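# Overview (structure and organization)
Chain by chain, the residues:
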Amino acid sequence: AQTVTQSQPEMSVQEAETVTLSCTYDTSESDYYLFWYKQPPSRQMILVIRQEAYKQQNATENRFSVNFQKAAKSFSLKISDSQLGDAAMYFCAYKEGGSEKLVFGKGTKLTVNP
Amino acid sequence: DAGVTQSPTHLIKTRGQHVTLRCSPISGHKSVSWYQQVLGQGPQFIFQYYEKEERGRGNFPDRFSARQFPNYSSELNVNALLLGDSALYLCASSLVGSNNSPLHFGNGTRLTVT
């Protein structure tokens, strides 16, 4: 079974600084997708960024970028120029090609200090 | 456009009772998925429905059931509630049941079983 591991239960960063959240996954599939979701206290899961496994280029969305290391099965999220509004739980998730099922990690709580 | 809407937002039930949670997908979305998020954990996949048919089921007991209606809205039913069923239940919809359609989540229903 596919598993997703987030080894950092909590992280903190100073406003305007850069922080990297770690994620590793385990799969024997070649067709899959990886995601980072943000869950603020409002509870809604918000998609931050996604990466198709077949793409070698790392995905980027404004201040958010990933470091996708397929051989190492690593998928870290880098947040640049951190803002107070970035404070939330961040979940790494995996989806097999052809399936709608997301497998989530346990999450990392990000605190942004002013 | 309205996002994924879930009702009720909060619910308190007694052990052994039955509960029905409701979800309305984004207009035009035909796939609905349900997730259970226990406090301090990432969401876990319960069901996926596409075009009113069950397309996937997670590792949950038969006390959990769901259905999708002709207008693509969905209900999640849980019978014989246990204390361990206390969780945030998230509904997500997508345009089509395919790889390139991201999941859009609702704000969830917080279920407390006493």
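This text follows the structure it describes.
Residues numbered from 1 in each chain as written. Chains lettered and ligands numbered in written order. Predicted model: local features only at pLDDT ≥ 70, side-chain atom pairs only at ≥ 80, totals over all residues. Heavy atoms only, no water.

Looking only at helices and strands, chain A features zero helices and twelve strands. Along the chain direction, N to C, the helices and strands of chain A fall in the order β-β-β-β-β-β-β-β-β-β-β-β. For 114 residues, the compact-globule estimate of 2.2 N^0.38 gives 13 Å, and chain A sits close to it at 14 Å. Structurally, chain A occupies a C-alpha span of about 40 × 25 × 20 Å along its principal axes. Considering chain A as a whole, with its 114 residues, one finds that 47% of them fall into the buried category. Intrachain contacts of chain A at a sequence separation of at least 6 include 55% that bridge at least 24 residues. Surface accessibility of chain A: about 5600 Å² in total, with carbon and sulfur atoms responsible for 44%. (Helix = DSSP H or I, 4+ residues; strand = E, 2+ residues; numbered from the N terminus. Rg over C-alpha atoms; globule rule 2.2 N^0.38 Å. Buried < 20%, exposed > 50% of the residue type's maximum accessible area, 1.4 Å probe, protein only. Contact = heavy atoms within 4.5 Å. Areas by Shrake-Rupley, 256 points an atom, 1.4 Å probe, with all protein chains shown as cover.)

Turning to the packing of aromatic side chains, a few remarks are in order. Counted under the stated rule, the structure contains 15 aromatic pairs over all chains. Aromatic side chains Tyr-37 of chain A and Phe-105 of chain B sit 5.4 Å apart centroid to centroid with 85 degrees between the ring planes, which places their arrangement in the edge-to-face category. Residue Tyr-37 of chain A is located in strand E5 (residues 32-39), and its partner Phe-105 of chain B is located in strand E10 (residues 104-105); the two belong to separate chains. Each member of the pair, Tyr-37 of chain A as well as Phe-105 of chain B, is classed as buried. Taken together, Phe-35, Tyr-37, Phe-91 and Phe-104 of chain A together with Tyr-35, Phe-45 and Phe-105 of chain B form an aromatic cluster joined through their ring pairs. Above the ring of Tyr-33 of chain A, the side-chain terminus of Lys-95 of chain A is found at 5.2 Å from the ring centroid. (Phe/Tyr/Trp six-rings, centres within 6.5 Å; stacked < 30°, edge-to-face > 60°. Lys NZ or Arg CZ within 6 Å of the ring centre and 35° of its normal.)

Attention now goes to the state of the cysteines. Evaluation of the coordinates by the stated rule reveals two disulfides over all chains. In this model, Cys-23 of chain A is linked to Cys-92 of chain A through a disulfide, with the two sulfur atoms separated by 2.0 Å. The chirality of the disulfide connecting Cys-23 of chain A with Cys-92 of chain A is left-handed, given an S-S dihedral of about -70 degrees. In this pair, Cys-23 of chain A is assigned in the loop between strand E3 (19-21) and strand E4 (24-26) and Cys-92 of chain A in strand E10 (residues 88-96), connecting sequence segments 69 residues apart. Two residues share a disulfide in this structure: Cys-23 of chain B and Cys-91 of chain B, whose sulfurs sit 1.8 Å from each other. Judged by the torsion about the S-S bond (-65 degrees), the Cys-23 of chain B/Cys-91 of chain B disulfide is left-handed. Here Cys-23 of chain B, found in strand E3 (residues 19-24), pairs with Cys-91 of chain B, found in strand E9 (residues 87-94); they are 68 residues apart in sequence, far enough to count as distant. For Cys-23 of chain B, a relative accessible area of 2% corresponds to the buried category. (Disulfide = S-S within 2.5 Å.)

Side chains on a regular strand alternate between the two faces of the sheet. Residue and element names in this part refer to chain B. A one-sided burial pattern is seen for strand E11 (residues 109-113), the buried positions being Thr-109, Leu-111 and Val-113 and the unburied ones Arg-110 and Thr-112. When strand E2 (residues 10-13) meets E11, the two strands line up parallel, connected through four bridges. Directly across from Ile-12, in E11, lies its bridge partner Thr-112. Two strands pair when backbone bridges link them, and E9 and E11 are joined in this way by three bridges, in the antiparallel orientation. Residue Ala-87 lies in a different strand from E11, and its bridge partner there is Leu-111. (Pairing = 2+ DSSP bridges.)

Next up on the list: the interface of chain B and chain A. Of the residues lining the interface, 29 residues belong to chain B; the matching set on chain A comes to 22 residues. Linking chain B to chain A there are zero salt bridges. The tally of links from chain B across to chain A stands at eight residue pairs in polar contact (both at pLDDT 80 or more). Where the side of chain B that touches chain A is concerned, the elements lending two or more residues are strand E4 (31-37), strand E5 (44-50), E9 and E11 of chain B. Here the residues of the side of chain B that touches chain A sort into nine nonpolar, 19 polar and one charged. (Salt bridge = Lys/Arg side-chain N within 4 Å of Asp/Glu carboxyl O. Polar contact = N/O pair within 3.5 Å; in protein donor to acceptor, adjacent residues only side chain to side chain. Nonpolar A, V, L, I, M, F, W, Y, C, P; charged D, E, K, R; others polar.)

The next point concerns the environment of Tyr-32 of chain A. All names here are of chain A. Mapped onto the fold, Tyr-32 is located in strand E5. The exposure class of Tyr-32 is buried, given its relative accessible area of 2%. C-alpha separation for the pair Tyr-32 and Phe-104, spaced 72 residues apart in sequence, amounts to 14 Å. Leave out the neighbours within four places in its chain, and Tyr-32 touches Tyr-25, Thr-27, Gln-51, Glu-52, Ala-53, Phe-68, Lys-70, Tyr-94, Lys-95, Glu-96 and Gly-97. Separated by 2.7 Å, the side chains of Tyr-32 and Tyr-25 make a polar contact.

The values reported here are purely geometric and, on their own, carry no functional implication.
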